[in-house]
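These are the residues of each chain, in order.
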Amino acid sequence: MIPVTELIPGIFVALFGLTLGSFLNVCIQRLPAGESIFLPGSHCPKCGHPIRWYDNIPVASYLILRGRCRDCQAQISPLYPFVEILTAALLVAEFCDYGWTPEFIKWSVFSLLVLILIFTDLRDRRIPHAVTLVGLATGLLLSAWVPVDDRPLGTILSMAGYYWSGTLLSAAGAIAGALVGGGLFYAVGELFYRLRHKEGLGFGDVMLMLMAGTFLGPALTLTTIFLGSLFGTVVAVPLTLFRRRFRDYAWPYGTFLGIAALFVSLGGEALLNAYLAWTRLR
Ligand SMILES: [Zn+2]
């Protein structure tokens, strides 16, 4: 049995997550088209009728309306409730990991930013700068409050005689993460371009990794790139080879990187530590 003292905050976080998920849907719909996320209010994309407040309740409204607009009966994408549930689930997972701590705030903000990019890249092949630039600034600011994983930068600096600590080291970790993420990913993009002779990665992917780097620091950023490329390969290669309709499909690399970043934010620490322990044994 989960004690009530933990269950009630968990339910609160889940409900808050559903509401935020509803807002993320607006971002996912409108940011790739360069539209405002505040005005006009939500309306049916088919008939344009404004959505009544009681039809705008996360998940519940979708179920009550059986996935159809009340006015024109047009189908509502199941992506809406899916994003709402996913957002709530991620926040609850971060809450289970961190409880009421600054880390919980940091990783929740990170999850929300990354979730938007996963779906804008999947739907529209867009990674809006509005999100990545806000994320980059937020990641740098948060590094002053929540220490960024500085491995292996801290060790390298101390070997060079610079015994940085606290906010300075944390900020250096965030900047190093951004440079490693953006820089290495830029190099991976170049390599892909030379091998395939076509544009496989956009500048959006570089921006995504720049942003993620400020939250993750260098070591976890590398883990994210590795896992994202692995996920992408495992999914894309068999489908491209064996499914005709995927032969010329432009795979959303940002979506795979985003999934990897979320995975790393929830369990990357343990994964990386296990790998480091294993390599030291060999
Ligand atoms: Zn409608």
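No experiment lies behind these values; they were computed from the predicted model shown.

## Some points on the domain arrangement of the protein chain
Then, number 1: Looking at the protein chain, the domain boundaries give domain 1 (1-100) and domain 2 (126-282).
Then, number 2: Placing a centre on the C-alpha atoms of domain 1 and another on those of domain 2 gives a separation of 28 Å.
Then, number 3: Contact residues are listed per partner, giving 7 residues for domain 1 and 7 residues for domain 2.
Then, number 4: Carbon and sulfur atoms supply 68% of the area that domain 1 and domain 2 bury against each other, a total of about 560 Å² over both sides.
Then, number 5: Sorting the residues of domain 1 by area buried against domain 2 places Leu31, Pro32 and Leu90 first, and these three jointly supply 61% of that buried surface.
Then, number 6: Applying the counting criterion to the domain 1 and domain 2 interface returns 0 salt bridges.
Then, number 7: Applying the counting criterion to the domain 1 and domain 2 interface returns 1 residue pair in polar contact (both at pLDDT 80 or more).
Then, number 8: Tallied by class, the residues present in the side of domain 1 that touches domain 2 amount to 5 nonpolar, no polar and 2 charged.

## Concerning the environment of Phe256
Then, number 1: Within the fold, Phe256 resides in helix α9 (residues 253-281).
Then, number 2: Classification of Phe256 by relative accessible area gives buried; the value is 11%.
Then, number 3: Residues Phe256 and Asp97 lie 159 residues apart in sequence; the distance between their C-alpha atoms is 23 Å.

## Details of the side chain of Ser108
Then, number 1: In this structure, Ser108 sits in helix α4 (residues 102-124).
Then, number 2: In this structure, Ser108 is in contact with Leu91 and Glu94, ignoring residues within four places of it in sequence.

## Points about the coordination of the zinc ion
Ideal donor angles around a metal are set by the shape: a four-donor tetrahedron calls for 109.5 degrees, a six-donor octahedron for 90 or 180 degrees.
Then, number 1: Protein coordination at the zinc ion: the donors are Cys44 (SG), Cys47 (SG), Cys69 (SG) and Cys72 (SG), at 2.3 to 2.4 Å from the metal.
Then, number 2: Note that the zinc ion binds 4 donor atoms; their angles at the metal cover 105 to 115°, and the shape is tetrahedral.
Then, number 3: Sequence positions of the residues that donate to the zinc ion give the spacing C-x2-C-x21-C-x2-C.
Then, number 4: A relative accessible area of 37% places Cys47 in the partly exposed class.

## What to know about the pattern of salt bridges
Then, number 1: Counted by the stated rule, this structure contains 6 salt bridges.
Then, number 2: For Asp55, the salt bridge is made with Arg70, and the minimal N-O distance between the two is 2.7 Å. With Asp55 in the loop between α1 (4-30) and α2 (60-64) and Arg70 in the loop between α2 and α3 (79-98), this residue pair connects regions lying 15 residues apart in the sequence.
Then, number 3: Note that Arg123 and Asp124 form a salt bridge whose closest N and O atoms lie 3.9 Å from each other.
Then, number 4: Among the residues examined, Asp124 registers a relative accessible area of 31% and is labelled partly exposed.
Then, number 5: Taken together, the salt bridges that share partners define one network made up of Arg52, Asp55, Arg70 and Asp71.

## Focus on the packing of aromatic side chains
Then, number 1: Per the counting criterion, the structure on display carries 14 aromatic pairs.
Then, number 2: On the basis of an interplanar angle of 90° and a centroid distance of 5.2 Å, the ring pair of Phe246 and Tyr249 is categorised as edge-to-face.
Then, number 3: Tyr249 gets classed as partly exposed once you look at its relative accessible area, which sits at 32%.
Then, number 4: Centroid distance Phe246 to Trp251: 5.4 Å. Interplanar angle 20°. Geometry classified as stacked.
Then, number 5: Within the aromatic cluster, the residues linked to one another by ring pairs are Phe246, Tyr249, Trp251 and Phe256.
Then, number 6: One residue, Arg245, lies across the ring of Phe246, its end atom 4.8 Å from the ring centre.

## Quick notes on the nonpolar core
Then, number 1: Counting 41 residues, the largest nonpolar core has Phe110, Val114, Leu208, Met209, Met211, Phe215 and Leu216 as its most contacted members.
Then, number 2: At the level of secondary structure, the elements contributing two or more residues to this core comprise α1, α3, α4, α5 (129-142), α8 (203-242) and α9.
Then, number 3: If you tally residues by element for this core, the top one is α4, at 11 residues.
Then, number 4: The residue makeup of this core includes at least three contributed by each of domain 1 (1-100) and domain 2 (126-282).

## Some words on the side chain of Thr255
Then, number 1: Mapping Thr255 onto the fold places it in helix α9.
Then, number 2: Not counting residues up to four positions away in its chain, the partners in contact with Thr255 are Ile118, Asp121 and Leu122.

## Overview of α5
Then, number 1: A rise of 1.5 Å per residue sets the reference length of α5, with its 14 residues, at 20 Å; its end C-alpha atoms lie 19 Å apart and thus fit the reference within 8%.
Then, number 2: Buried residues of α5: Val131, Thr132, Gly135, Gly139 and Leu142, and no others. Each buried residue of α5 lies within a common arc of 100° when the element is viewed along its axis, so the set occupies one face.
Then, number 3: Buried residues along α5 sit in contact with α4 and α8.

Conventions we followed
Residues numbered from 1 in each chain as written. Predicted model: local features only at pLDDT ≥ 70, side-chain atom pairs only at ≥ 80, totals over all residues. Heavy atoms only, no water. Domains from an automatic or database assignment. Contact = heavy atoms within 4.5 Å. Buried area = accessible area lost by both parts, 1.4 Å probe. Salt bridge = Lys/Arg side-chain N within 4 Å of Asp/Glu carboxyl O. Polar contact = N/O pair within 3.5 Å; in protein donor to acceptor, adjacent residues only side chain to side chain. Nonpolar A, V, L, I, M, F, W, Y, C, P; charged D, E, K, R; others polar. Helix = DSSP H or I, 4+ residues; strand = E, 2+ residues; numbered from the N terminus. Buried < 20%, exposed > 50% of the residue type's maximum accessible area, 1.4 Å probe, protein only. Donors = N, O, S within 2.8 Å, 3.2 Å for Na, K, Ca; no water. Tetrahedral: all angles 85-135°; square planar, octahedral: opposite > 155°, others 65-115°. Phe/Tyr/Trp six-rings, centres within 6.5 Å; stacked < 30°, edge-to-face > 60°. Lys NZ or Arg CZ within 6 Å of the ring centre and 35° of its normal. Core = buried A, V, L, I, M, F, W, Y, C linked by side-chain atoms within 4.5 Å. Expected span 1.5 Å × (residues − 1). Arc of directions from axis to C-beta.

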